[in-house]
Each structure stands twice: as C-alpha cells, then as structure tokens.
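# Residue-level structural notes
The primary structure of each chain is shown beneath.
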Amino acid sequence: MKQYVLRRVALAVPTLFLVSIIVFLLLRLMPGDVATRMVEGHAYAPTLAALRHDLGLDRPMHAQYAEWIGNIVLRGDFGRSYWTRQPILDEFVRRFPVTLELALLTILVSVVIGVLVGIVSAARQDSLSDYVGRVLSIFALSVPYFGLAVVVVVLPAIWFRWTPVWTYVPFTVSPAENLKIMLIPALVFGVTRAGPIMRIMRSSLLDVLRQDYIRTAWSKGLSERRIVLRHALKNALIPVISLVGLQMPLYIGGSVIIEAIFRLPGVGLFFFEALGKLDYPVVQSVNLIIAAMVVCLNLLIDLSYAFLDPRIRY
Amino acid sequence: MRRPALLLAVLLLLVSVVPTPADAQQPKRGGVFRIAEREAPSLDPHLSISFLTHSYVSLSYSQLVRFPNGPEQRSPTDFSIVPDLAEKWTISKDGRVYTFQLRRGVRFHNKPPVNAREMTADDVKYSLERFMAKSAFRTRFEPVTGIEVVDRYTVRVTLKEPYAPFLNHLANPSFCAILPREAEDRFKDFNAPEAVIGTGPFVLKSYDKGVRVVFERNPDYFMKGLPYLDGAVIEITPDAAARVAVLRAGKAELPHIWGWLSPEEAKAVQKTNPELSVTPYLIIGLPYISFRVDQPPFNDVRVRRAVSLAIDRKAWNDALLFGEGCVDAGPVPCALKEWKLDAAKMDAAKAKYLVGYDPVEAKRLLAEAGYAKGLTVPMFHWPGYVVPWRSYYELAADNLGKIGITVELKPEEYGKYSSTTMVGKYDKMAMGPSTPFTEVDDFLFGRFAPELPTNLSHVADAELTRMLIAQRREMDPKKRKQIIDDIQRYLADKAYYVYAPQWPQYVAHPQYVKGFLHHDGYGLGMRLLFTWLDK
C-alpha cells in the first residue's frame, strides 16, 4: 500500500509538469496577448511595447516558463495577476472555500438524488417508478446546467419579482445565510450531475442483485430492504464512486459558470475572468493547483476502493 | 369668533400636510443606491483604461474640471466645462498657457496615510504628470510641455501649441483623477481599496473582492449638502441575465454601471415590469465599416461609394432598432449634437454617399470600377459585441451581396481582434463599433489622421489632414465648428468609412430613483451626486 501511494505520488510529478507545459503553451497559442488586451483600442505603440516589457512578455517563451515554474517549485510563489498585481495564491486561498463548498454541496445533492433514484429504479425494475427514474435521469443528462441556472435566476424574477441571486455571505459569518445562498446553485448543478449517477447506480445494482450471494440472501428469507441496503448496495457503489471521482474536474469546471450566474466569488469565477482577460499567470497557476488537487483526489478515490471491497489490495 | 379661527387652523393644518408639487420634487437625504455590475479589473485610474475602473473610482475622485451633470446639464451629451477642483481658469491669448486657480479648503478623504490633508497645487502637478507617464491614454496630453506649481493654489500648464480638445480631456473621468502622492508611496499604486483616497463625493469604505464595493457619503465634500445619498454599493454581478433579474426583483437600483439596457432587453422589461422607469437615450456611438483604402479594391472611391449606397439604413433601423435609431450616424455621432452637421444640411449629391440607399447606382459604380461581375471581400469582426451586433454583420453581408459584393464573414477571437483588426491590421474590410469618446477630435483626428492605429481605414489625405490639424489648433469654438463642418462636408462623398444606424440605450431603474440623469462618458460619481431616493 505504502509503495503504491509513493508510486502514484511520483507519477503525479510528470503529470503536473505536462499540465503546466500544455496550459502555458495553449495560452501563448491564443491570438493576441494580455498587453494588447490591457490597452484595447488605444494601442499606441510606445505604450504597448513598454507594457509588454513591463510584464516580461518581450522575453523568450522558455525564459518566461522557467521563471514561472521555478518560482513555484523553489519558493512556492505562484506569481501575481497582471491586471490587479495581487498575489495569485492569496486570492486562490481566499476564494477556494466558496468553490469547495459549492462542489461538496453539489456532490451531496447529486449523490443523494442519483443513488436514491438509482436504488428505486433497480429494486423495482420495469415498474412505473423505474420508468420515472429513467426519464428523470435522461432529463438530468440532457439539460445543460448553465441553461437551467439562467432559467432559475430569470423566470422567478419575471413571475414573482424574486430571484435567488444574493450577496455572498461566508459560512463562518452566518451559516444560515450562507446555506440560503449556496443551496439553489448546488441544487441546480447537483440535479444535472445526478443523471449519470442514477444510471450507473441502477445498472450496477442490477448486476449485483443477480449475483449468487444475493440469491443466497433471498433464500435465507432476509427482507428486501436488508438485502438491497446491507448486502448489495456497498458493492454496487464502487462504480458510482469512480464516477464521482471522474466527474471531479466537471464539478470544478462547472463552478465557473454557476459562480458567474449566482454571484459566488469562488475560484471558478476568478479563473473565468482571468481567461477572458488573458491573465496568463492566473490561468496557469490556478490550472496547476486544480490539476494537483484532481490528481490527489483520484488517488484518494482509488484508495477508498480497498475500504469498500476488502478483496482489493494495493 | 371661535368658528373662523378653528376653520383657519384646519386649513393651515391641511396646507401643511397635503404635499405640494414643490414638496414632491424636494430631494430627500439618505438611502443606499445599489448597482449590479461586473468587477472592475483594477482601481487605479491611470493604469487602467477600463470603463468599469473609471466608473467605479469616479465616485471617489475629483478632477480639475468636469462635465455638467444632473440639474446642471442641458442634455446627456452636454460637454461644456464646469469647475471641479479648479474654481476658475484662464487661457492665454495664444492658447498655450492654462492657469488654474484651485478651490481652497478641499480635503482628501479621511483615510491613512493622507488623513484628510488639504488638496493643493502639488497634488495636481503630481497627478497630471503621473497620468502623462503611465496612462495608455497619455497621447491625449502629448501637446503638454510643462506643469508648474505657481503657488499653493495655482497651477500653470503649458502646451507646445494651441490644443482645443485639452479642457474636454481634462474633464473626462477616464483621464485625470487628482490623487494624493502619499497613497502611492504607501501602496505602490492606486489599485488597493485602501489607496482609493480622493476628494470626491463618496468614500470607498470596503471592498470584498468578487462580492461588493461599499461607498459612503463624504461628509466633507466641497459641494455643501451633496450628495443626497448615504452611500452606494456595487454588487458584483458578472452575468448579464442575473443583472436584469436583480433589477426586476428589486435587489438593485441599476442593472449596469450606468443603468443601460439594450433595446431588446428594455422592451422585455417594459412588458414584464411596467413599474420600472425605462427611458431611451441617444448615446455616443458609431457603427462603421472600415476599409483598407491604401489597397485595392477600396483605394477606388467608386467601390467605397457603392458599399455605402448598398446599405439600406432605414430597413435596418425598422427591423432591428424598432425605428428608434439614428440613421445619419457618422463621421460625427448623432449624439454629439454640438458638432454634428446633419446630412440633410449638406449638398444632396454628396450626402447620398453618407446616408443614401441606391443599389442600382451602386451596381453601376462597381461596373465602372471594373467589377461588373462582382467581387469577393472578407469582413473581419468580433461577434461578441452586444445585441444587435451579430445581426449587423449579417445584414451588411446581405446588403452587399445584392449589389454583387460577396462578403466572407471573418469572425475573430477577441484577443486577435483587439490586437489586429481593432488597430487597423486587417485585410480589405472590417466592421465594428466605436469607443464613446466625449471629444469630437477623437472621431476626426483619431479616425482620419495618417499613421494613427485608430485610423482604421488607413486614410492619408493631405487636404483632410490640414483641416484636422486646423480644428485642433482653433481655440474659438465658433470658428472650430466651421472647420469641423467643412471636414464633414469634405468627408461626405469620400466614403472612407461607411456608417450604419446607431441605436439608443435605455436607462432602467425603479421610479423612486430621482435625479439620476444620464450623461454620456465614463463617469458615475457625478451622476450619483444629484441622485436621491423617494422612499
């Protein structure tokens, strides 16, 4: 187990190196640069050149990369935003709790809905509740979360002069106010992410329910509730957990739009605005931090299999 | 005796209780004004050219001179000059020396390290010099050769030549906020919320990044009794649909930093929320098609004229702008009424190339220029501009197609667009909107003077350049207007740019918002100075 963890951690290094190179190059491949964006239609040559020099954009690309990655590795310095000139790590740390809370609430909503509907669908296969569950899962899969979010923001404002857009209050200041703000975005995002979980849960549980040990359990005269929840569910959850792990980048990626629509000052919005302004250091550093988190989470999820299924050994 | 006295008492009571029209208009003090808007990229007015930055900090900073606002203004585009920190000023006979007398006793906001120190001539010199050293707008002050402190309350600015746009540029909130040097010494620049220390009507109290910016009334503001509001809050709302939703739900007084809605949004809001005040204003804007007039085929005036005659401006106006747009949109925008020479007042034979629609004549001109079988040209543009821009590009392509010019629409990513097309680096033809400048010089010298990156059509016309320089140097407004009229007459049939109709912007807010008058330009503070809440 220890060896496995060490090997995975060692493998993370080239992964993150590749991520940093790809993001760095992709940004440079995008047309235009941040200096032109900063002076927009007033790009008088002397100012533009001066600005480019000031930002270090007139140096060779490999020198820019080496300085950025070197500062991170050697000093833990993720650089400063070109636009606000504020340290990126400070801003990330300040905003991360918002995105983390949104992601956790979204996972909670999607797992609770997905697992519950999946169980009912599988346990009552081909019944009315199964059909309803399957239709719901297709609906959740096909409705884009950003479209649903706009509908939830706009329609109540037209019909009832009410909208779920509030001024953000941190959880530490007022938990009740905070949850009032976070719940609707998490529901919107969670419902749309629950679709795949419902489907995986259903098919995985159906597989497990057809296995010999479940037949044995039935023959012992156990109740359906006990068979499904105690004997079948734990084994059927493994693919669901894999799916949640795989969806992790989607939870972070999706927060970009959800945060913009619901006025949540999280990392997603920070990244989104930086991308729009071609704020290279912000996009690069935030990407790298999130990539590192995803790598760690995937490792944790892999390790959790051993807990769910004692036959799995590393 | 007792009965008449009683009657009189009742009458007096009634008179004092029943509101009169005069009472209804009496501004009330108090209340906080909420604005839903995107986050400004930074707060330093000299290091950013963003309209969001300038509008945010216009609440806190003053300038030497400013434009009239609220009850002072005659129209939303009244760009006459009124005192701000400068009480009065004189201009030397040769138009080269400006001497500004500052108000006495004006104090900066009571925030460290400035701590309500008095604003003096040193601050003006420091701020103007910082602007000229650091701002991307600094070429506007290129004729300035020296700034001197004559005494504690007098500043002298010397120019190398007479420069008529100078006071307008000084009054524009995008340019010359007067800042205290100590704040830069302490905070390195003026980006930190703590560094926003001005002499303006509102003090920046707190800034929760990504959430809200809170301003409170400056109790020591030099215009006594103003502002009426206790404060203003910018609720950072990145999504456009969410901004309109918070207006509808009564969670904000403005759905945009200036209250703007597009005509389409405004029509929808008027239908669903008749209780809101939604007013159209003709704004400074100018949709244009630009050409590489230094290259074929657009070096031939007949081809450019054919393009102009192919544009059915009236049909555009009716179909896209609910008939509310201005058809005669350039080269001076319709809203700049002081300087605009209407096409109707020009020689009709020339003006037809500015506003006319004649596809038959257009085809004839094309054939005469050697394109009887038509031609194919690209049109570079950024598709991300607000509604109705996308339709504009398509309509232009459709109109030109009808006379035999096949338009290949070339949408560009904003980064590429802003670094190439927007600075004149494109092939053959492009289309887009103009920045809402407040000074007519930007629409003339800026668009037509050789070598400037804002001269998108690459015009190099010696006769025109002579007039462009002359209007800059003419200090008598009447004589300057004559030159500008001559320039507009001269440009009418040149078709260096082809103009499309400009639509109005609607300003939306609840009815209890009073005194908020629209004024074009990048400021907000002065608009809020006279705003009050009737609730």
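Residues numbered from 1 in each chain as written. Chains lettered and ligands numbered in written order. Predicted model: local features only at pLDDT ≥ 70, side-chain atom pairs only at ≥ 80, totals over all residues.

### With respect to the overall build of chain B
A tally of helices and strands in chain B yields 18 helices and 20 strands. The principal-axis extent of the C-alpha atoms belonging to chain B is close to 95 × 60 × 50 Å. For chain B, buried positions account for 50% of its 535 residues. (Helix = DSSP H or I, 4+ residues; strand = E, 2+ residues; numbered from the N terminus. Buried ≥ 20, exposed ≤ 12 C-beta atoms within 10 Å, placed from the backbone.)

### Overview of the overall build of chain A
A count of helical and extended segments in chain A gives 12 helices and zero strands. Each helix and strand of chain A, ordered N terminal to C terminal, gives the series α-α-α-α-α-α-α-α-α-α-α-α. Principal-axis analysis of the C-alpha atoms places the extent of chain A at approximately 85 × 60 × 35 Å. By residue count, 37% of the 314 residues in chain A fall in the buried class. Taking all contacts inside chain A whose residues are at least 6 apart in sequence as the whole, residues at least 24 apart take part in 71%. (Contact = placed C-beta atoms within 7 Å.)

### Details of the sheet that holds strand 10 (residues 231-236) of chain B
Residue and element names in this part refer to chain B. Sheet architecture is open: four strands sit in the order 1-10-9-8, paired in mixed fashion. A strand with exactly one partner marks an edge of an open sheet, and here the two such strands are strand 1 (32-37) and strand 8 (202-208). Neighbour-to-neighbour, the strand axes of the sheet open up by a mean angle of 15 degrees, direction not taken into account. When strand 1 meets strand 10, the two strands line up parallel, connected through six bridges. Across the sheet, F33 pairs through a bridge with A232, a residue of strand 10. (Pairing = 2+ DSSP bridges. Axes fitted to C-alpha atoms, helices over the stretch in contact; angles between N-to-C directions.)

### Let's talk about the interface of chain A and chain B
With 36 residues of chain A in contact, the opposing surface of chain B contributes 36 residues. When contributions to the side of chain A that touches chain B are tallied by element, the ones reaching two or more residues are helix 2 (34-39), helix 7 (145-160), helix 10 (224-262) and helix 11 (267-276) of chain A. If one sorts the elements of the side of chain A that touches chain B by residue count, helix 7 of chain A sits on top with five residues. By residue class, the composition of the side of chain A that touches chain B is 19 nonpolar, eight polar and nine charged. (Nonpolar A, V, L, I, M, F, W, Y, C, P; charged D, E, K, R; others polar.)

### A closer look at unusual backbone geometry
Note on backbone geometry: most residues besides glycine have negative phi, and most peptide bonds are trans. All names here are of chain B. The step from P112 to P113 runs through a cis peptide bond, and the omega angle for that step is 5 degrees. Within the secondary structure, P113 sits in the loop between strand 5 (97-102) and helix 4 (121-134). P227 follows L226 through a cis peptide bond whose omega is -5 degrees. Position of P227 relative to the elements: it lies in the loop between strand 9 (212-217) and strand 10. A positive phi angle is found at F322, which is not glycine, with a value near 55 degrees. Note on placement: F322 falls in the loop between helix 10 (313-320) and helix 11 (348-355). Phi is positive for H458, close to 60 degrees, though the residue is something other than glycine. Position of H458 among the secondary structure elements: in the loop between helix 15 (440-448) and helix 16 (462-473). On the neighbour-count criterion, H458 (18 C-beta atoms within 10 Å) is partly exposed.

### Here we look at the environment of B:L229
Residues and elements named next belong to chain B. Among the secondary structure elements, L229 is positioned in the loop between strand 9 and strand 10. By the C-beta count within 10 Å, which is 25 here, L229 ends up buried. Once the C-alpha coordinates of L229 and L529 are considered, the two residues, 300 residues apart in sequence, prove to be 7.8 Å apart. Every residue in contact with L229, bar those within four places of it in the chain, is listed here: G31, V32, F33, R217, L528, T531 and W532.

### Structural notes on the nonpolar core
Residues A:I197, A:M201, B:L64 and B:A232 are the most contacted members of the largest nonpolar core, which totals 156 residues. Considering each element in turn, this core owes the most residues, 14 residues, to helix 10 of chain A. In this structure, A:I197 is in contact with A:S110, A:V111, A:G114, A:V115, A:G118, A:V240 and A:L243, ignoring residues within four places of it in sequence. Judged by nonpolar contacts, the second largest core, of 66 residues, contains B:L286, B:Y426, B:F443 and B:I484. (Core = buried A, V, L, I, M, F, W, Y, C linked by C-beta atoms within 7 Å.)

### Let's talk about the confidence of the model for chain B
Residue and element names in this part refer to chain B. Confidence in the prediction of chain B, expressed as mean pLDDT, is 91, and 95% of residues score 70 or more. With pLDDT under 50 throughout, residues 10-23 is counted as low confidence; its partners more than four residues away or in other chains account for one contact. Of the two predicted TM-score estimates for the complex, the pTM is 0.85 and the ipTM is 0.79. (pLDDT = per-residue confidence, 0-100.)

### Side note on the sheet that holds strand 4 (residues 86-91) of chain B
Residues and elements named next belong to chain B. An order of 4-5-7-6 is seen for the four strands of this open sheet, with the pairing classed as antiparallel. Only two strands of the sheet have a single partner each, and these edge strands are strand 4 and strand 6 (144-151). Put simply, the sheet's adjacent strands are angled 20 degrees from each other on average, direction ignored. Bridge count between strand 6 and strand 7 (residues 154-159): six bridges; the pairing is antiparallel. When the bridges of strand 7 are listed, G146 appears paired with T158. This element, helix 4, spans strand 5, strand 6 and strand 7 of the sheet and lies at about 165 degrees to strand 6.

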